[in-house]
Amino acid sequence: GENVEQHPSTLSVQEGDSAVIKCTYSDSASNYFPWYKQELGKGPQLIIDIRSNVGEKKDQRIAVTLNKTAKHFSLHITETQPEDSAVYFCASLLNYQLIWGAGTKLIIKP
Amino acid sequence: KAGVTQTPRYLIKTRGQQVTLSCSPISGHRSVSWYQQTPGQGLQFLFEYFSETQRNKGNFPGRFSGRQFSNSRSEMNVSTLELGDSALYLCASTPQGAAGANVLTFGAGSRLTVL
């Protein structure tokens, strides 16, 4: 079955710097890749997603890139701010079921 | 517009007991899915309900069950609790269609501790 690996598990960056989180998936039939952000005490919330017919998508300071050949996708956050501190989850969709990565705890240092 | 409401938010049980968790989806959302979240394991899919029918099921033992009512509210039940069942249980709703193919709106979760 599908497997999603997410790295790193913890990422600490200086405020204002960029952060990159990477995920790899195993089944080439996966066709939808969302990213969710989970703040302390809350449920995850979708921040950006990408479909398999697109290579890159941007939304202000957030971007996602997809490399179908290599079967990996990445979340890029530029000009990080304190409110970016959270746990980020990637996922891939296969057969109408989302398979989730283990999460990345992003720490923004002042 | 009210979000996804999960009750109770926190609960403590002992091994062997059972527990029932409740989820009220966003008004108009007909699909409800449940996830178990444990540290380092991400989100593990439990099951999805749509129009009172279980449409998809994850790889969990039969001790985990659920149901959905005609008003789309959903409950999940865990019987014969084990220490390893301690986790945050998240519910998510989507308007229609397969939950995985749509944006999930999550509740804040029910944190279960099994002693």
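What counts as what
Residues numbered from 1 in each chain as written. Chains lettered and ligands numbered in written order. Predicted model: local features only at pLDDT ≥ 70, side-chain atom pairs only at ≥ 80, totals over all residues. Heavy atoms only, no water. Phe/Tyr/Trp six-rings, centres within 6.5 Å; stacked < 30°, edge-to-face > 60°. Lys NZ or Arg CZ within 6 Å of the ring centre and 35° of its normal. Contact = heavy atoms within 4.5 Å. Buried area = accessible area lost by both parts, 1.4 Å probe. Salt bridge = Lys/Arg side-chain N within 4 Å of Asp/Glu carboxyl O. Polar contact = N/O pair within 3.5 Å; in protein donor to acceptor, adjacent residues only side chain to side chain. Helix = DSSP H or I, 4+ residues; strand = E, 2+ residues; numbered from the N terminus. Nonpolar A, V, L, I, M, F, W, Y, C, P; charged D, E, K, R; others polar. Buried < 20%, exposed > 50% of the residue type's maximum accessible area, 1.4 Å probe, protein only. Core = buried A, V, L, I, M, F, W, Y, C linked by side-chain atoms within 4.5 Å.

Peer 1: Which residues make up the packing of aromatic side chains, and what values do they have?
Peer 2: Going through the model one piece at a time under the given rule, you end up with 13 aromatic pairs over all chains. What links up through ring pairs into an aromatic cluster is the set Tyr-36, Phe-89 and Trp-100 of chain A together with Tyr-35, Phe-45 and Phe-106 of chain B. Across from the ring centre of Phe-50 of chain B, 4.2 Å away, lies the NZ or CZ of Arg-55 of chain B, which sits over that ring.

Peer 1: Explain the interface of chain B and chain A to me, and be specific about the residues and the numbers.
Peer 2: A common way to state how big an interface is: give the accessible area lost once the parts meet. Each partner contributes residues to the interface: chain B has 21 residues there, and chain A has 18 residues. Surface buried jointly by chain B and chain A totals about 1,400 Å² across both partners, of which 57% is contributed by carbon and sulfur atoms. There are 0 salt bridges connecting chain B and chain A. At the boundary of chain B with chain A, the tally comes to 2 residue pairs in polar contact (both at pLDDT 80 or more). Listing elements by their share of the side of chain B that touches chain A, those giving two or more residues are β4 (31–38), β5 (42–50), β6 (53–57) and β9 (87–94) of chain B. For the side of chain B that touches chain A, the element with the most residues is β5 of chain B, which contributes 3 residues. Class assignment of the residues belonging to the side of chain B that touches chain A gives a composition of 11 nonpolar, 8 polar and 2 charged.

Peer 1: Before we move on, could you go through the pattern of salt bridges and cite the residues and values that matter?
Peer 2: Scanning the model with the defined rule gives 9 salt bridges over all chains in all. Salt-bridge contacts for Glu-75 of chain B lead to Arg-73 of chain B; the nearest nitrogen and oxygen are separated by 3.3 Å. Owing to a relative accessible area of 16%, Glu-75 of chain B belongs among the buried residues under this scheme. Among the charged side chains, a salt-bridge network with shared partners connects Lys-37, Glu-39 and Lys-42 of chain A.

Peer 1: Quick rundown of the nonpolar core? Include the residues and the values.
Peer 2: Core analysis: the largest hydrophobic core is formed by 22 residues, its most contacted members being Trp-35, Phe-73, Leu-75, Ile-77, Tyr-88 and Leu-106 of chain A. Going through the elements one at a time, β2 (10–14), β3 (19–25), β4 (32–38), β5 (45–51), β7 (62–67), β8 (72–77), β9 (86–94) and β11 (104–109) of chain A are the ones with two or more residues in this core. Looking at this core element by element, the count peaks at 4 residues for β3 of chain A. Dropping the residues within four chain positions of it, Leu-75 of chain A is found in contact with Ala-19, Val-20, Ile-21, Trp-35, Ile-47, Ile-48, Ile-62, Ala-63 and Tyr-88 of chain A. One finds Leu-21, Trp-34, Phe-60 and Leu-112 of chain B within the second-largest nonpolar core, a separate group that totals 21 residues.

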